[in-house]
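Fold and geometry: a report
One-letter residues, chain by chain:
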Amino acid sequence: MAALAACIAAALYFWFDPLGAGERTSEPPAVKPAYYDTTPVRGRLKTALMTEGTPCGTCHDSMDPPAVDPSKRGTFHSQIVLRHGANVRCFNCHNSGKRDFFSGFGGEPIPYSRVETLCAKCHGPHYRDWQQGAHGRRNGYWNTAMGERKTQVCIVCHDPHWPVFKPLRAAPAPRTLRVTASAEEH
Amino acid sequence: MADEKLPAGRPYFHPEGTEASGITRREFLGVAAVGLAAATAAALSPLRQLADFPTLEDWLRKHYTELTPRDKEAIFERIRAQVEKDYGVRPNLTDQPPLDGVMFAYALNIGRCVGCRRCVYACVNENNQSRDPQIQYIRVLKMKKGSIDVETAEHYYEGEVPDPDHYYMPVQCNQCRNPPCVKVCPVKATWPEKDGVVVVDYNWCIGCRYCEAACPYWARRFNFKKPGLPKEELNPNMGYLSNRPREKGVMEKCHFCLQRTRAGRYPACVEVCPTGSRKFGNILDPDSEISNIIRTKRVYVLKEEVGTNPKFYYYFNV
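Starting afresh in each chain, residues are numbered from 1 along the sequence in its written order. Following the order in which they are written, the chains are lettered starting with A and the ligands numbered starting with 1. Where totals are concerned, whole chains, interfaces and linings use all residues; where local detail is concerned, this predicted model gives features only for residues with pLDDT of at least 70, and gives and counts side-chain atom pairs only at 80 or more. Note that the side-chain values use all heavy atoms of the structure and ignore hydrogens as well as water.

**Points about the overall build of chain A**
Runs of E in the DSSP output that reach at least two residues are strands. Runs of H or I that reach at least four are helices, and both are numbered from the N terminus. Each helix and strand counted, chain A has 7 helices and 7 strands in total. Taken from N to C terminus, the helices and strands of chain A fall in the order α-β-β-α-α-α-β-β-α-α-β-β-α-β. Exposure categories follow from relative accessible area, calculated using a 1.4 Å probe and restricted to protein chains: below 20% of the type maximum is buried, above 50% is exposed, and the middle band is partly exposed. Put simply, chain A has 186 residues, and 24% of those count as buried. Within chain A, residue pairs in contact and separated by at least 24 positions form 49% of the contacts whose partners lie at least 6 positions apart. Just so you have it, chain A exposes about 12,600 Å², and 60% of that area is on carbon and sulfur atoms. Only heavy atoms matter for contacts: two residues are in contact if any of them lie within 4.5 Å across the pair. Per-residue accessibility takes into account occlusion by the displayed protein chains alone, with areas from the Shrake-Rupley method and a 1.4 Å probe.

Structure below.
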């Protein structure tokens, strides 16, 4: 009789597992589309030098360069945060005569579609690495015989006015089955 | 009534003067038989979970490298039907052969990686890994600047990255030229393909996990449970040796997204990397981006001293 009671008690214990940890305390985080979105950090590239859809030349082509700090003039310029190291002069990059263009060494216009040649004025080694494939993003096809390789230009990732790569929020940490003790516990 | 029919003394075999116990031998054996049957049924009850028994064709299947094209097509058709049954989507299951004159290699710019783990989840999304329990091919190690000490590396950092005092080193399958995981496999369920990618035949793997123990990069993952993959998150573009759904009890690992890369595309982790730290290409082509990186940059491989000769390179900015 006692043996039977013990068996039933053991069976109930193992069935309900009152002291066990149970299956899991919380579910692993869902794989959100934001974690695998291939859009570059600055979003889609614009097609021309413009502010809120208006090409800069629309207003500026008939104007002479202002003699004052342009960040104090107008609503468009006040939003610009310029943290590009020692490069603090607008017309180092922007063309003072043709405002839809960038400016080369001698003031020659550089079109928006060739912005990498503007950045190459100062960032020669990076330009070389970018051309050869060691720097910058590539999308599409590694085998250009089978499809198009998209070479992303500088300003897709770097804000030209504040070019340092901005911090990102890390996607969730792993919760794989095998867990190592962290370094402090050794 | 029973007393009248049976001869006295026979049914109740007990010493004279004691009370009968009230249980006949027949009743006792009956109860014991029912109890035994119930216990056997309980012991066999896990078999109820074997909903889909392997078919005879699956049992008699040959090794992948011995299959004829006709065998393969029959097997692929069975897999397509199974995936459609399990996930409600008819998959685009392919088995692209290695490209001629192509050896895949990977390079990662350790000076650019910010540790955002986008690659980890792009990989999970592309390759139909189990979401619960979690299986991920890429681990991102966070380490103090100035050393490569993987023993003290941190896996579980959260929040904003990069931390200015640390750097990040993602680790995944190194696609070794001298792969220890292949050497230890007792059934040859894993092998290097002609384009240099070490693959696993999920139907041939017996789940012994020797390869997991042999890998110095901790790159192999085991399905301890049936993979938990929501139907709507299945990637229907799948390859036989790469991202088709796995079963409980088999190994899996990074395969450079064969379903993409053998079609000429970049792997999912390269495609997603917001910093452009990840580089991929054909190392046999001297003009490829990857060949140029290995030729012109300072490059290292992880655990060079163990002699695995990886095709996964880390490089620095300068």
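**Regarding the overall build of chain B**
When helices and strands are counted, chain B shows 10 helices and 13 strands. Since a compact globule built from 318 residues should have a radius of gyration of about 20 Å, the 29 Å found for chain B marks it as more spread out than a globular shape. Projected onto its principal axes, the C-alpha positions of chain B cover 105 × 50 × 40 Å. Within chain B, buried positions represent 50% of all 318 residues. Here the contacts in chain B between residues at least 6 apart in sequence split such that 66% fall between residues at least 24 apart. As displayed, chain B has an accessible area near 16,200 Å², and 58% of this comes from carbon and sulfur atoms. Radius of gyration: C-alpha atoms only; globule rule: 2.2 Å multiplied by the number of residues to the exponent 0.38.

**Quick notes on empty space enclosed by the protein**
Residue and element names in this part refer to chain B. A pocket here means an open set of points on a 1 Å grid, computed over the protein atoms alone, that has protein on both sides within 12 Å along at least five of seven lines. A cavity is instead a set of points where a 1.4 Å probe fits but cannot get out; residues with an atom within 4 Å of a point line either one. Grid points are joined across faces, edges and corners, and a volume is the space filled by probe spheres set on the points. Summed over all chains, the structure comprises 7 cavities of 30 Å³ or more. In this model, the largest cavity occupies a volume close to 110 Å³. For the largest cavity, the lining is made up of 16 residues, of which Cys 113, Cys 116, Cys 119, Cys 273 and Arg 278 are closest to its centre. Throughout this entry, Asp, Glu, Lys and Arg are counted as charged residues, while Ala, Val, Leu, Ile, Met, Phe, Trp, Tyr, Cys and Pro are counted as nonpolar. The remaining residues, Gly among them, count as polar. Looking at the lining of the largest cavity residue by residue, the classes come out as 10 nonpolar, 3 polar and 3 charged.

**Comments concerning helix α4 (residues 69-87) of chain B**
All names here are of chain B. Helix span is expected to be 1.5 Å times the residue number reduced by one. Compared with an ideal rise of 1.5 Å per residue, which puts 19 residues at 27 Å, α4 spans 26 Å between its outermost C-alpha atoms and is within 8% of the ideal. Among the residues making up α4, those that are buried are Ile 75, Phe 76, Ile 79, Arg 80, Val 83 and Tyr 87. When α4 is viewed along its axis, its buried side chains cluster within an angular range of 145° and face the same direction. Residues of α4 that are exposed and point over 90 degrees away from its buried face: Arg 70 and Lys 85. The secondary structure elements touched by the buried residues of α4 are β1 (92-94) and β9 (237-239). With its phi angle positive at about 75°, Gly 88 sits one or two positions after the end of α4. Directions from the helix axis toward the C-beta atoms define the arc.

**Brief notes about the sheet that holds strand β12 (residues 299-300) of chain B**
Residue and element names in this part refer to chain B. An order of β11-β2-β13-β12 is seen for the 4 strands of this open sheet, with the pairing classed as mixed. Looking along the sheet, the strands with just one partner apiece sit at the ends: β11 (278-282) and β12. Packed onto the sheet, helix α10 (residues 289-296) meets β2 (104-109), β11, β12 and β13 (312-315) and runs at close to 110° relative to β11. Only strands joined by at least two bridges in the DSSP assignment are considered to pair. Only the stretch in contact is used when a helix axis is fitted, and all axes are lines through C-alpha atoms; the angle between N-to-C directions ranges over 0 to 180 degrees.

**Quick look at a nonpolar patch on the surface**
Residues and elements named next belong to chain A. There is a patch of nonpolar side chains on the surface, built from Met 1, Leu 4, Ile 8, Leu 12, Trp 15 and Phe 16 and spanning about 830 Å² of accessible area. Residue placement: Phe 16 occurs in helix α1 (residues 2-16). Its relative accessible area of 60% is what places Phe 16 among the exposed residues. Here the term patch refers to residues with relative accessible area over 30% and no salt bridge, with like charges joined within 9 Å and nonpolar side chains (Val, Leu, Ile, Met, Phe, Trp, Tyr) within 5 Å. Note on definitions: salt bridges are taken to be side-chain nitrogens of Lys or Arg within 4 Å of carboxyl oxygens of Asp or Glu.

**Here's the deal with the interface of chain B and chain A**
Contacts between the two partners involve 57 residues from chain B, matched on the other side by 46 residues from chain A. Contact between chain B and chain A buries roughly 4,600 Å² in total, counting both sides, with carbon and sulfur atoms accounting for 53%. For the chain B face of the interface with chain A, the top three residues by lost area are Tyr 121, Gln 134 and Tyr 156 of chain B, together amounting to 15%. The interface formed by chain B and chain A holds 3 salt bridges in total. Notably, a salt bridge pairs Glu 289 of chain B with Arg 149 of chain A, separated by 3.5 Å at the nearest N-O pair. We call two N or O atoms a polar contact when they sit within 3.5 Å, provided that within protein one can donate a hydrogen and the other can accept it, with sequence-adjacent residues counted only if both atoms are side-chain atoms. For the pair chain B and chain A, the interface holds 25 residue pairs in polar contact (both at pLDDT 80 or more). Buried area, as used here, totals the accessible surface that two parts lose on assembly, with accessibility defined by a 1.4 Å probe and the loss added over both.

**So, unusual backbone geometry**
Residues and elements named next belong to chain B. Pro 133 follows Asp 132 through a cis peptide bond whose omega is 0°. Relative to the assigned elements, Pro 133 resides in the loop between α5 (118-127) and β3 (139-144). In the segment running from Val 161 into Pro 162, the intervening peptide bond is cis, with an omega of -5°. Looking at where Pro 162 falls in the secondary structure, it is placed in the loop between β4 (160-161) and β5 (166-171). The phi dihedral of Arg 117 is positive, around 65°, even though this residue is not glycine. Topologically, Arg 117 is positioned in the loop between β2 and α5. Residue classification places Arg 117 among the buried positions, given a relative accessible area of 2%. The residue Cys 257 is not glycine, and still its phi comes out positive at about 50°. As for its position among the elements, Cys 257 is in the loop between β10 (251-253) and α8 (258-261).

**Quick look at the pattern of salt bridges**
Scanning the model with the defined rule gives 23 salt bridges over all chains in all. Measuring nitrogen to oxygen at the nearest pair gives 2.8 Å for the salt bridge that ties Glu 289 of chain B to Arg 138 of chain A. Here the residue Glu 289 of chain B occupies a position in helix α10, and Arg 138 of chain A occupies one in strand β5 (residues 138-140), the pair thus bridging two chains. The same class applies to Glu 289 of chain B as to Arg 138 of chain A, namely buried. Across the pair Glu 271 of chain B and Arg 260 of chain B runs a salt bridge, and its minimum N-O distance is 3.2 Å. Residue Glu 271 of chain B is found in helix α9 (residues 268-272), and its partner Arg 260 of chain B is found in helix α8; the two are separated by 11 residues along the sequence. Neither residue differs from the other here; Glu 271 of chain B and Arg 260 of chain B are each classed as buried. Where salt bridges share partners, they join Glu 73, Glu 77, Arg 80, Glu 84 and Arg 90 of chain B into one cluster.

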